[in-house]
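So you can see what is in the structure, the chains are spelled out below.
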Amino acid sequence: MRTNLDSDTMEQDAEAVADAIDSTPSRRRFFAMGAGAAAALATTRTVEAQSSKGRTSPFGPTAPAGSKQDASVEWKDPVLRLVRRITMGLTTEEVTIARGLGYAGYLDYHLNPDRIDDSALDTALAARLPVTVMTPAQLAAFGDNNEVANSLSDSALYRAAFSKRQLKERMVEFWTDHFTISLNKVGFIKLVDDRDVIRANAIGNFKTLLKATSKSGAMLVYLDQNRSRTPTPNQNYAREIMELHTLGVDAGYSQTDVAELSRILTGWTTQGPGNFAFDPNMHDRGAKMFLGRAFPAMVATTPAATQMAEGEAAIQMLVDHPNTAKYIALKMARWLLAYTPPQAVVDATAAAYLSSNGDISTMVRTILSATNLMASPAKYKRPFHLAASGLRGMGAQVTNIRSVRQRADQMGQPIFYWEQPNGYPDRIDWWSGLVLGRWSFMADLANRNVAAQTQISTAPFRMPDTADGVVAQIATRMFGGEMPAVLKTQLATYLKAGTYSDARVRETLSLAASATQFQWF
Amino acid sequence: MRASVKRCRSQRAPRSSSGSDVDRSSLLTVLRVVRMTDEHFDNACTEYHSLARRDFLTTAAGVGIAAMLPTWLPSVVLAQTSSSSRDIILSVFLSGGVDGMSLVAPFGDPDYYTGRPTIAIARPDAAGNGPKLTALDNFFGFAPGMTPLMPAYAAGDLLVAHATGSVNTSRSHFDAQRYMEVGKPADASLTSGWLGRHLATSTPIRSNAPLRALGLTTGMPQTLAGAPRALPVPNPANAAVGGSNATGVARSQWLGSNYATANDPVSSNALDTTNTMSLLQLINFVGYAPANGAVYPSTGFGNALKSAAALIKADVGIEAIHAFNGGWDTHAAQGPIATLDGGYMHGKMLDLSGALAAFYADVIQGTTSYGVTVVVVSEFGRNARENGNRGTDHGRGNVAFAMGKKIAGGKVMTNGWPGLARENLENGQDLRVTLDHRDILAEVVQNRLGNPNLGIVFPSFTPKIRGVTKP
């Protein structure tokens, strides 16, 4: 991949401008420093492509040139890499399971989530957040949309942090963005979509998942499909199902195809508390031409099921399309492997999509071979992922997660509230500027000590109860034993610089979770 | 830390540096404020104070220091009021594709009314007391929700452009927005933003500013990508590392050195953050009192613009601020007036225009101390005709706005109104784009931001200077 403005050109141009305007040495130097940082940002391609040139730290000498390296360089153990990559964060329990099963066995284990007993968590959530197990009719009658929204958001973070089905949680986050529905627009029916559409199919079959979303009341309301009627159809869903859900933007369809698909889908609507319905009175029975296929005209007496079937046929064309295989393969490889996954991996994953008829676990296996994973650079945790990994790494005991979740939302990723239909960005440049929110979240989390809400106990970290003991426990519990030496030294230095106390230990936990080494997976 | 610096301001100290070293010593001062620990405090504070005092004395010309300082701004770190003739820019992106024909309706085009039988807004001269347009000239009018901007328009400080937008015909929100933010249509490989490249190719207005640009956003807007010293700061009033105050400085220092070895952009972002944190903490956003009786709406966007005003007036070297205002994807029941479908879009317009009008009164109107230009764009307009849900689908030509003392406003600029008759519409459905929005931005960059490098800011584009700005 090439940018039009490569960093050297940009820096030269910038310096030339600086020279022309002001050639005093000090100004020029400051300016050049700024331009260097600018160029680095401007040309962000992949993590490993970044150079080490940049500004000097005001906190002392920076690392010598060339010493900046991808966080994954420290990650020698393939099994630990896999745990990092397919969970919401390392815990000693998870590492023990993974070591017992080995790389392939551990991946198998998580690709079969229904075989993992998660009933304790389900029971706890049903008791603590009863709204999350209500039927659509009960939800409609419940009336408190605010509580529904809070319960859904709480349960998402709680499951992410504490479900044993960790890869499922990573895939739920992925599909939640791929099939984004803003809670602000649709209200309680997003809870139904999350439970019965996204979670039910997160490691199932993509084609089944896509078809389920096309009959999800929340999706139809979110993208205005429920109102689309002949003779003036609404194009919102027809466009996004191709651009965002299947083919990818401009990948083999035209503006005319958008208009024709919107005609085909007229009548796909909702009734009652967000239930799917087909209303033949809203449907356009005229002849259509979609992606080169003719859909003949129908008459008023054509059975409703037949009228609806042309929408199903059009959606079948989309999920069978090779561009859908390519697009889903690219997005999944980006999610699971690297911001810019190797084309060969994307191609193999697209082939897996076609040969397995859209089986998600087959695609995951193709992407996450040990060879691929050992060669891939680290990815940067998005705020939701970071919050879950902080809770996991610190061993939080959670009775009521709400205040922690609301605090986590301030990091910039309240999980069901991205307004546009493309989902939260999976790009480092979107997220990396907002470090302050991450640091203050961890400072807050490490100090939580209320049994009725969230409790971080320092006791497991104080074994033995010395500064070095705490650092060793952090290395084991939060970093799976692979904690870089530089971080060990930095944490020990901080811990020993003040009086050893529970408060100082908590601060050290917060620094460990705020450290750059904890931000990657 | 804020308390420490405040205490420090009451001290008196001799000058320690002279004119030619201003930039360097100012930078050192900023860095020392960041680095200040208990043992370094006195020394850093002395330097800090002497610099601040000298600069105040320079600009205050005999006026007492206390009189110079508004009460909401207890401490000014870089208090050398800028003598730059270059403007600060506030860039607003209306995401979702705003229906410009509702914001600024072409009542002089009869096809506006035939194409939009239920959502068109009544002519300014319509009978009755119902909602109607407010004429901007004999062809265009503001929707009722936009009228808070009439004072800026009447004063000649607000320019409305119409039938403008991108030459790229994508009706995808994300492609269209991306191309607009990077400033070059249909180039998928370009990742830096037009405003980012402006900043990268211009000298800082203050060479010692720790932060030159910020997005009042939860992530880095692509418009600013590539800018040196730029960060997303969703809430400038809450720029703290959290936890115990007693150890806050020590933990900030720890994090600064920990992130020094990280890869970019993480490392440079963290460095900018630690440098900026102390600066933002010195500004009392909560107690900020807008000038001129301006009242910002108590909304996310209103608060963002209020923070922008405080940052500009704090005079800390911010040159560019970017904000999003979303929720304009009105496919159904768009409600451009209060009495239709609950008036969703009417409320959105009141929020937008109310915040911009407050910003105008607070920062632009009647002042000459801060040169500020505002630009407002959106990824595309919406269909000329309404759909079956009293909404509009993705379209093309749209409105854009520029506002400032040096903007040649008080008029609606077009490059010829293409007309809304079906034969004049793009693809038979959309208002055509006859005015490349980059003409507007480029003229602002060149004439108000003082950057002649238009070939870098807008690659492969030769802008036409259309009289957006005035001398």
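Scroll up to find the structure this text is about.
Structural notes, computed from the coordinates. (Residues numbered from 1 in each chain as written. Chains lettered and ligands numbered in written order. Predicted model: local features only at pLDDT ≥ 70, side-chain atom pairs only at ≥ 80, totals over all residues.)

Concerning the packing of helix 24 (residues 467-479) of chain A against helix 26 (residues 502-514) of chain A
All names here are of chain A.
- Contact pair helix 24 / helix 26: the axes reach a minimum separation of 11 Å and the direction vectors enclose 40°. Put simply, helix 24 runs oblique to helix 26. The two elements helix 24 and helix 26 meet at a crossing, and its hand is right-handed. Across the interface between the two elements, Val470, Ile474 and Met478 of helix 24 pack against Val505, Thr508, Leu509, Ala512 and Ala513 of helix 26.
- Looking at the contact of helix 24 with helix 26 residue by residue, the class counts come to 7 nonpolar, 1 polar and no charged. (Axes fitted to C-alpha atoms, helices over the stretch in contact; angles between N-to-C directions. Helix = DSSP H or I, 4+ residues; strand = E, 2+ residues; numbered from the N terminus. Parallel < 35°, antiparallel > 145°, perpendicular 65-115°, else oblique. Left-handed = near helix turned anticlockwise from the far one by under 90°. Contact = placed C-beta atoms within 7 Å. Nonpolar A, V, L, I, M, F, W, Y, C, P; charged D, E, K, R; others polar.)

Looking at the sheet that holds strand 3 (residues 134-135) of chain B
Residue and element names in this part refer to chain B.
- Read from one edge to the other, the open sheet built from 3 strands follows the order 2-4-3, with strand pairing classed as antiparallel. Looking at the sheet topology across the chains shown, the edges are occupied by strand 2 (104-105) and strand 3.
- By the bridge criterion, 2 bridges tie strand 2 to strand 4 (residues 141-142) in an arrangement that is antiparallel. Bridging from a neighbouring strand, Val104 pairs with Phe142 of strand 4. (Pairing = 2+ DSSP bridges.)

Section: unusual backbone geometry
- At the junction of A:Met463 and A:Pro464, the peptide bond is cis and its omega measures out at -5° in the coordinates.
- Topologically, A:Pro464 is positioned in the loop between strand 6 (454-455) and helix 24.
- Note that the residue after B:Asp264, namely B:Pro265, is joined by a cis bond; omega there is 10°.
- Within the fold, B:Pro265 resides in the loop between helix 10 (245-259) and helix 11 (266-281).

Structural notes on the pairing of strand 8 (residues 320-325) of chain B
Residue and element names in this part refer to chain B.
- For strand 8, a buried count of 6 out of 6 residues is recorded, marking the element as mostly surrounded by other parts of the structure.
- Along strand 8, one buried face is formed by Ala320, His322 and Phe324 and the opposite face, lined by Ile321, Ala323 and Asn325, is buried too.
- Where strand 6 (residues 213-215) lies against strand 8, 3 bridges are found, and the strand directions are parallel. Looking at the pairing, Leu214 lines up with Ile321 of strand 8. (Buried ≥ 20, exposed ≤ 12 C-beta atoms within 10 Å, placed from the backbone.)

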